[in-house]
Amino acid sequence: MRIDPAIRTLRDGGAQALPHPQRSRAYAVQAHMAAAQRDWLESQPAQLTDDFRAYADGAELRDLPCLSRLMMRPCEARNLVASLNTAMLAALRHEPLGEVPFRFKMSTGLATLQILHCSRAVLSLAVYEPVRGPVEAPDTAVFVDREQTEIVVSGRAAGVRHTFEPGSPVKTERCDWAAGDWMTLTPGAETRQVLSVKSALVMLQLTRDPERPKPSREVLLATGHEAQRASGDKAASQALMATAVLGALGATNALDVLAETALARAEEPDLRWEAVRQSLSLDAAAGKALLDKLAARADDPLAQPASALRAHLFAEAA
């Protein structure tokens, strides 16, 4: 395949790598696409953007009439998506080498485009494409601590909706989705999975994360047992990784920091427990001291696992 040198340079090196005339042209293309995005956003009803900001600040969706209509009335959702398509396609006709200036993610059979973002709230467009070949039904599902409301703009698909209660098998309901269908998923307790797409499924999604998300859980559908857990807090995930790195580096000078983290009730339990693990690996005496302190705290969620680990270590040493 022949690729024009100017396009290859633009792709590989960005605007800075182009000669001055081409660099100026690249900036002009970017500016045109950004202006198209700005014009489209400004063309939306002021009440919608006001409602979206209020939702991001914690207001209930039912108390925001414009945003509620968008997520529950098919004609409102269709009109928003159609206006976005019209604006972006017009910009691309003018600048064929331009890129739509919205954040997006792509994977096999799924693409998402972030339309609005404010604080903890996101309004996105998700498109599921038909996938060739059979799709195996999963035996696990992931439950995330996130409010999620969706409406189908167009297309048809089949899938399942799961409801999870700790200690019980996951309840599964089979679903067929078509244009106009909408749903709200309870944070941490409900999720859905698209299993087959009959015609490209276009969905408008409204999500909101809590200020301190609880861990996400991957659960075995048959038993309800937790197969895997991940922190729902990005900052906590980064701190947990940093704690593991301290242990891998053998950083004994960080024992005080690890102890402080392990004993801090305000921190995520997963992060605190990782600090205990790394303390034990770096200095057995310091780790045992931490276990003793945690086991003595009757109201601490780590008291029971600390007692159990301490008993296990003593039994192994005997």
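The paragraphs below set out a description of the structure included in this document. (Residues numbered from 1 in each chain as written. Predicted model: local features only at pLDDT ≥ 70, side-chain atom pairs only at ≥ 80, totals over all residues. Heavy atoms only, no water.)

1. Examining the packing of aromatic side chains
For step 1, the next point in the chain: For the coordinates displayed, the defined rule picks out two aromatic pairs.
For step 2, the next point in the chain: Ring centres of Trp-40 and Phe-102 lie 6.3 Å apart, and the angle between their planes is 80°; on these two criteria the pair is classed as edge-to-face. Taken together, the positions of Trp-40 in helix H2 (residues 20–43) and Phe-102 in the loop between helix H5 (74–94) and strand S1 (104–107) put the pair 62 residues apart, joining distant regions of the chain. Pair check on accessibility: Trp-40 and Phe-102 agree, each one buried.
For step 3, the next point in the chain: Consider the rings of Phe-143 and Phe-164, whose centres lie 5.2 Å apart with planes at 35°: the pair is tilted. Remark: Phe-164 occurs in the loop between strand S5 (147–163) and strand S6 (171–178) and Phe-143 occurs in strand S4 (residues 140–143); sequence separation between them is 21 residues. Phe-164 matches Phe-143 in its accessibility class, with the two residues each being buried.
For step 4, the next point in the chain: In this structure, Arg-208 is placed above the aromatic ring of Tyr-55, and the distance from its NZ or CZ to the ring centre is 4.0 Å. (Phe/Tyr/Trp six-rings, centres within 6.5 Å; stacked < 30°, edge-to-face > 60°. Helix = DSSP H or I, 4+ residues; strand = E, 2+ residues; numbered from the N terminus. Buried < 20%, exposed > 50% of the residue type's maximum accessible area, 1.4 Å probe, protein only. Lys NZ or Arg CZ within 6 Å of the ring centre and 35° of its normal.)

2. Focus on the packing of helix H9 (residues 284–295) against helix H10 (residues 303–317)
For step 1, the next point in the chain: It is at 8 Å that the axes of H9 and H10 come closest, and there the two elements cross at 135°. Taken together, H9 and H10 sit at an angle that is classed as oblique. You can see that H9 and H10 cross each other, and the crossing is left-handed. From H9, Lys-288, Leu-291, Asp-292, Leu-294 and Ala-295 reach across to H10, where they touch Ala-303, Ala-306, Ser-307, Leu-309, Arg-310, Leu-313 and Phe-314.
For step 2, the next point in the chain: Grouping the constituent residues of the contact of H9 with H10 by class yields eight nonpolar, one polar and three charged. (Axes fitted to C-alpha atoms, helices over the stretch in contact; angles between N-to-C directions. Parallel < 35°, antiparallel > 145°, perpendicular 65-115°, else oblique. Left-handed = near helix turned anticlockwise from the far one by under 90°. Contact = heavy atoms within 4.5 Å. Nonpolar A, V, L, I, M, F, W, Y, C, P; charged D, E, K, R; others polar.)

3. Digging into the packing of helix H8 (residues 269–282) against H9
For step 1, the next point in the chain: Axis separation between H8 and H9 bottoms out at 5 Å; the angle between their running directions is 145°. Between H8 and H9 lies a crossing of left-handed hand. For the pair H8 and H9, the contacting residues are Arg-272, Trp-273, Val-276, Ser-279, Leu-280 and Leu-282 in the first and Ala-284, Gly-287, Lys-288, Leu-290, Leu-291 and Leu-294 in the second.
For step 2, the next point in the chain: Classifying every residue of the contact of H8 with H9 gives eight nonpolar, two polar and two charged.

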